[in-house]
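Examination of the molecular architecture
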Amino acid sequence: MDTTRRKAKMIANENLKHQQIEKCEEKLKKKKKTPPPRQCYGPECVRAARDNSKYCSDECGIRLGKNRILEILPTRLQQRKILPCAADESSRRKLAHVRQQQKIIQKKLEQVDTKISQLLQLVQKSKSSIKDMVYLDDFEEECSALDCKLCGAEIPTRIIVKHLESCYKKQERRLLLTGTTTKPDDEEWNIFCNQKMGRQGFCKQLRVLCPFHNKDTRNEDEPCGYPLQMNLSQCEGKFCGRSIKNCSRHPSCWEDIFRAEFDMEKLQLLQKLSELEREEVQLRRDMAARGNLVALMLHNTIVH
């Protein structure tokens, strides 16, 4: 009996608590008053604004935005013309420096192109000029052997040059450099091989030293023609008169090696030039972004 009475009392107390809570909530609801409707912010609009909005419609918001632009923008434009912008001045200085660097690189590229044309003339002269040929003696047989820097083999001195040339081609064949499958945009540079290699893309080896597509077409009975005394500016010099087959002092593709040096120099200059062009585009974009409508409306320059 005692347990049933206790349970009944507990249930009665809980019911009383729920009733009291409900009465309190009803009193609070009665005390709370609904807020009065807010007037629309639109120009000459007397309507009530929508819930969670300052305007009664989108048209009112657009009209107010137009009025603000017409009122604020002319003064901001006039202020921008009168007061100098520190960021614009800094960008102009950087842009002038970039243009100066571009002119310097353009001059260097012209010099490299001149050297390449002079080298081609010198190569033609080495093949045709007989009076400038010098016949050197071969290496002595008692000369010691040298280690190849590529394969590590011990090679006699009299054939070390030929071995290095062939060993270099073998090592380069193991390294496959390819680009994208799309048409290469560096064809006008005339530096890379750019031969189609199936699904792998285009060959990106140096054109004059490519072991896959640049084959040596010189006859072994032709004179070596290596410039012993070279003057590129006047296209003069003394050349090796020994045949390619018998010459152990000079590589058979010496003109390709000289051309590769100029091509690498040209490639480095072109890469610097492309970096400067990207920097110029970014500076111009930043300068244009500072004078747009949003920037003028949101930012204001204060002279202290």
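Note that the coordinates shown come from a computational prediction; the quantities given were computed from them, not determined experimentally.

1. A look at the UniProt feature "coiled-coil region" (unreviewed entry) in the protein
According to UniProt, the feature "coiled-coil region" (unreviewed entry) maps to residues 259-286 in the numbering used here. Counted over residues 259-286, helix gives 100% and strand 0%. Its end C-alpha atoms are 41 Å apart.

2. Quick word on the pattern of salt bridges
Counted under the stated rule, the structure contains five salt bridges. Note that Arg50 is salt-bridged to Asp58, the shortest N-O span being 3.1 Å. Residues Arg259 and Asp263 are paired through a salt bridge, measuring 3.2 Å at the closest nitrogen-oxygen approach. Taken as a pair, Arg259 and Asp263 lie in helix α5 (residues 254-290) at a separation of four residues, close to a single helical turn.

3. What about the packing of helix α3 (residues 86-128) against α5?
For any two helices packed against each other, one specifies the crossing angle of their axes together with the interaxial distance. Where α3 meets α5, the closest approach of the two axes is 9 Å, and the angle between their N-to-C directions is 160°. Taken together, the axes of α3 and α5 lie roughly antiparallel to each other. Viewed along their axes, α3 and α5 form a crossing whose handedness is left-handed. Looking at the contact of α3 with α5, its residues break down into 19 nonpolar, five polar and 18 charged.

4. Section: unusual backbone geometry
With a phi angle near 60°, Glu44 is a residue other than glycine that sits in the positive phi range. Relative to the elements of secondary structure, Glu44 occurs in the loop between α1 (2-31) and α2 (58-82). Overall, Glu44 belongs to the exposed group, its relative accessible area being 85%. You will see that Asn52, though not glycine, has its phi angle at about 55°, which is positive. In this structure, Asn52 sits in the loop between α1 and α2. On the basis of relative accessible area, Asn52 is assigned to the exposed category, the value being 85%.

Rules and cut-offs
- One numbering rule holds for all chains: residues counted from 1, following each sequence as written.
- Two thresholds apply to this predicted model, a pLDDT of at least 70 for residue-level local features and 80 or more for giving and counting side-chain atom pairs, whereas whole-chain, interface and lining totals are computed over all residues.
- With hydrogens and water set aside, each side-chain value is computed from the structure's full complement of heavy atoms.
- UniProt positions are given in the numbering used here, feature names are shortened, and annotations may be inferred rather than shown by experiment.
- Numbering of helices and strands starts at the N terminus; helices are DSSP runs of H or I of at least 4 residues and strands are runs of E of at least 2.
- For this analysis, a salt bridge means a side-chain nitrogen from Lys or Arg found within 4 Å of a carboxyl oxygen belonging to Asp or Glu.
- Angular values range over 0 to 180 degrees, each being the angle between N-to-C directions of two axes fitted as lines to C-alpha atoms, with helices fitted over their stretch in contact.
- Roughly parallel means an angle under 35 degrees; roughly antiparallel means over 145; roughly perpendicular covers 65 to 115; every other angle is labelled oblique.
- Working rule for handedness: look at the near helix, and if it is turned counterclockwise from the far one by less than a right angle, call the crossing left-handed; if clockwise, right-handed.
- Here the term charged refers only to Asp, Glu, Lys and Arg, the term nonpolar to Ala, Val, Leu, Ile, Met, Phe, Trp, Tyr, Cys and Pro, and the term polar to all other amino acids, Gly among them.
- Only protein chains enter the calculation, and the probe is 1.4 Å; a residue is then buried if its accessible area is under 20% of its type maximum, exposed if over 50%, and partly exposed in between.

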